[in-house]
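Coordinate inspection notes
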Amino acid sequence: MSAASLTRRRFLSSMSAVGGFAVASLAMPYVARGTASRPVFTSGVQSGDVDATSGMIWTRVDRPSRISIEYSTTERFANATRLAPVDVGPETDFTLKTLLADLPPDQDIFYRFVAADLQEINAVSNAVRGQFRTAPSERRDVRFIWSGDTAGQGWGIDDDGMRTYRTIAAHRPDFMIHSGDTIYADNPMPDEIRLRDGSVWKNRIVTDEKREVARTLDEFRGQWKYNLLDEHVRDLHAHCPVFHQWDDHEVLNNWSPSSDLRDDARYAGLTVGELAARSSRAFHEMTPIRYVAEEPGRIFRKVSYGPLLDVFFVDLRSYRGPNAHGLDPVLTDRSRILGEKQVAWLTRELARSNATWKVISCDMPISLVIWDDYGRKQGSEAIANGDNGAPLGRELEFADLLRFIRDAGIANIIWLTADVHYTAAHHYDPARAAFKEFLPFWEFVSGPLHSGTYGPQQLDMTFGPEVRFIKSAPGGIEQNLPPSAGLQFFGIVDLDGQTEQLTVRLMDRNDVELWRITLDPAVTS
């Protein structure tokens, strides 16, 4: 019996007996508006970490439920594949994510979920559904988008909503990279913010979990659920895979595993390790990131997206030493930011990659000086230490990485990042650098998606960066500008399946192209 031939009565019978799947009208919205007597999907659907033969999918319901899953290569769900139903409960905050495997390459995949109340199995939800396209096995055009920084500095869901997500969706990317600060667990959200011109920003939605900093697991989960209340975010997720990584605000500003919270009354009685563990659990529950069996909770990973592209996601937060002065003359565990294990993985996977382009998605920029203590301009929060000289501190680890890339002859690497709440293009060249043992490369910065916009940061010249383009807030008192100011940014990367050229465009939320460059692939032996 096909899914399309099931009547609702026959579905209810088969659901109780064998966990079958309900028919779903194709006109039904992807966020089901069920009644209290039936399960409700609260947060839409998500997909992520899609490659040529598989992809993760995700959803969430409002109660303990048995969720049935079905997917097909056609929008009408002809010859659909049904997975075994999965029970969800409060231990995962009623979320479900699962891997769809053995998929055909370069194929649209349509998926849908139906939930049955575990306390009343005949109480069945409407269906929610989404779609994604698997990566190609042959060369074709590929488009993806990256940005970061969602719902920070108190800028929440106003009457316009998180409109940059709508602008991104209109470009129909194959996937999107969220480069970190996916939530702002340390930024309480007020109902209103008075602007410098006397007008008022009004957050149309503020949940209880957003009114205080996140401390408990449920409060960290609530940060994610808040973002998923936005219709533009849900719509993008339903049609476009999002590949996630994290930075600091998923836990708290500038955190490292050695951060001391004893003087912070907001976190009385808590350690940064406890906060990070709760945040990490919520991050993995609430996103369609893949599970890594050898290191549960790991974020660094590679996603291969056809012969033109490998994406390497790195994690500069979890394995770093303390945010110290950044001037250590010798590389030790305390002066690392990637960590020895992650560096070994990254160098190995870069050397193995046969893709034309290798994109390193990094949660922080390489040469922008980001102080741990902004007021005193002390402490290294990122990589650069601000002295413009030979590598010291965390710069030593990056110098080793860049030297390895040169010596291994690995060409066609670009770096993508967010973090600093403005957009820029940086070109790195050993001819301008204090450290010269590397190949020239590009780093592109874009964000925020929906947060305050800030002014430009100081560049450290250790690795010879040059600003080729920048658009930001003016700086000074003109900082933390609201999303309504229009300075919300994202980047588009297009790979040409014929020429193998890579084009980067820097965009604003009104879909204005600010700058572009097309890069030719280097010819390698």
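Residues numbered from 1 in each chain as written. Predicted model: local features only at pLDDT ≥ 70, side-chain atom pairs only at ≥ 80, totals over all residues. Heavy atoms only, no water.

**Thoughts on the overall build of the chain**
What counts here: Think of it this way: any DSSP run of H or I at least four residues long counts as a helix, any run of E at least two long counts as a strand, and we number them from the N terminus. Three labels apply to residues, based on accessible area from a 1.4 Å probe with only protein chains included: buried if under 20% of the type maximum, exposed if over 50%, partly exposed otherwise in between. Two residues form a contact once any of their heavy atoms are found within 4.5 Å. Using a 1.4 Å probe, accessible areas were evaluated by the Shrake-Rupley method; residue-level cover was limited to the displayed protein chains.
Of the regular secondary structure elements, the chain holds seven helices and 25 strands. Once the C-alpha set of the chain is aligned to its principal axes, its extents read approximately 75 × 60 × 45 Å. A buried classification covers 61% of the 525 residues belonging to the chain. Pairs at least 24 residues apart make up 73% of the contacts formed inside the chain by residues separated by at least 6 positions. Summing over all exposed atoms, the chain offers an accessible surface of approximately 20200 Å²; the carbon and sulfur share of this is 48%.

**Here we look at helix α3 (residues 217-227)**
With nine of eleven residues buried, α3 lies mostly within the body of the structure. Close packing links the buried residues of α3 with β2 (55-61), α4 (231-239), β13 (242-244) and α5 (272-286).

**What to know about the pairing of strand β14 (residues 301-304)**
Inclusion rule: Two strands pair if DSSP finds at least two bridges between them.
Of the two faces of β14, the one holding Arg301 and Val303 is buried and the one holding Lys302 and Ser304 is not buried anywhere. Where β14 meets strand β15 (residues 309-313), four bridges bridge the pair, whose relative direction is antiparallel. Bridge pairing in β15 links Lys302 to Phe312. Where β14 folds back onto β15 in an antiparallel hairpin, the turn is made up of four residues, including Gly306, whose phi is positive at roughly 90 degrees.

**Concerning the confidence of the model for the chain**
Our working definition: For every residue, the predictor reports its confidence as pLDDT, a number between 0 and 100.
The pLDDT averaged across the chain works out to 93; a share of 93% of its residues lies at or above 70. The weakest mean pLDDT in the chain belongs to helix α1 (residues 8-18) at 35; the strongest belongs to strand β24 (residues 502-508) at 99. Here residues 1-34 scores under 50 on pLDDT; set against residues more than four positions off or in separate chains, the count is 73 contacts.

**A short note on the pattern of salt bridges**
Two side chains carrying opposite charge are able to pair once their charged atoms lie near each other. Spelled out, the test is: We define a salt bridge as a side-chain nitrogen of Lys or Arg found within 4 Å of a carboxyl oxygen belonging to Asp or Glu.
Counted according to the given criterion, the structure contains 42 salt bridges. Notably, a salt bridge pairs Arg139 with Glu500, separated by 3.4 Å at the nearest N-O pair. A residue pair is termed long-range when its members are at least 10 positions apart, and Arg139 in the loop between β8 (128-133) and β9 (142-147) and Glu500 in the loop between β23 (489-495) and β24 qualify at 361 residues. The partner of Glu478 in a salt bridge is Arg196, and the shortest N-O contact between them spans 2.5 Å. Residue Glu478 is located in the loop between β22 (465-471) and β23, and its partner Arg196 is located in the loop between β11 (192-194) and β12 (200-202); the two are separated by 282 residues in the primary sequence. By relative accessible area, which is 27% here, Glu478 ends up partly exposed. One connected set of salt bridges, linked through shared partners, spans Asp106, Asp108, Arg133, Arg140 and Asp174.

**Digging into the side chain of Asp310**
Condition: Pairs of N or O atoms within 3.5 Å make up the polar contacts considered here, provided that, within protein, one atom can donate a hydrogen while the other can accept it, and that residues adjacent in sequence are counted only when both atoms are side-chain atoms.
Topologically, Asp310 is positioned in strand β15. Among the polar contacts listed, one links the side chain of Asp310 to the side chain of Ser304, at a separation of 2.9 Å. Residues in contact with Asp310, not counting those within four places in the same chain, are Lys302, Val303, Ser304, Tyr305, Ser353, Asn354, Ala355, Trp357, Lys358 and Val359.

**Some remarks on the nonpolar core**
Filter applied, for reference: Note on terminology: a nonpolar core comprises buried Ala, Val, Leu, Ile, Met, Phe, Trp, Tyr and Cys residues joined through side-chain atoms within 4.5 Å.
Counting 54 residues, the largest nonpolar core has Phe113, Phe144, Leu309, Phe444 and Leu495 as its most contacted members. Aside from chain neighbours lying at most four places away, what touches Leu309 is Val142, Phe144, Phe175, Val303, Ser304, Ala355, Trp357, Val359 and Leu495. Ranked by size, the runner-up nonpolar core spans 42 residues in total, among them Met162, Val233, Val242 and Phe490.

**Focus: the packing of α3 against α5**
Where we set the bar: Fitting a line to C-alpha atoms yields each axis, with helices limited to the stretch in contact; the angle taken between N-to-C directions then spans 0 to 180 degrees. Under this scheme an angle from 65 to 115 degrees is roughly perpendicular, one under 35 degrees roughly parallel, and one over 145 degrees roughly antiparallel; angles in between are oblique. A clockwise turn of the near helix away from the far one marks a right-handed crossing, whereas an anticlockwise turn of less than a right angle marks a left-handed crossing.
It is at 9 Å that the axes of α3 and α5 come closest, and there the two elements cross at 40 degrees. Viewed along their axes, α3 and α5 adopt a mutual orientation that is oblique. The element α3 and its partner α5 pack so that their crossing is right-handed. On α5, the residues touching Leu217, Phe220, Arg221, Trp224 and Lys225 of α3 are Leu275, Arg278, Ser279, Arg281, Ala282, Phe283, Glu285 and Met286.

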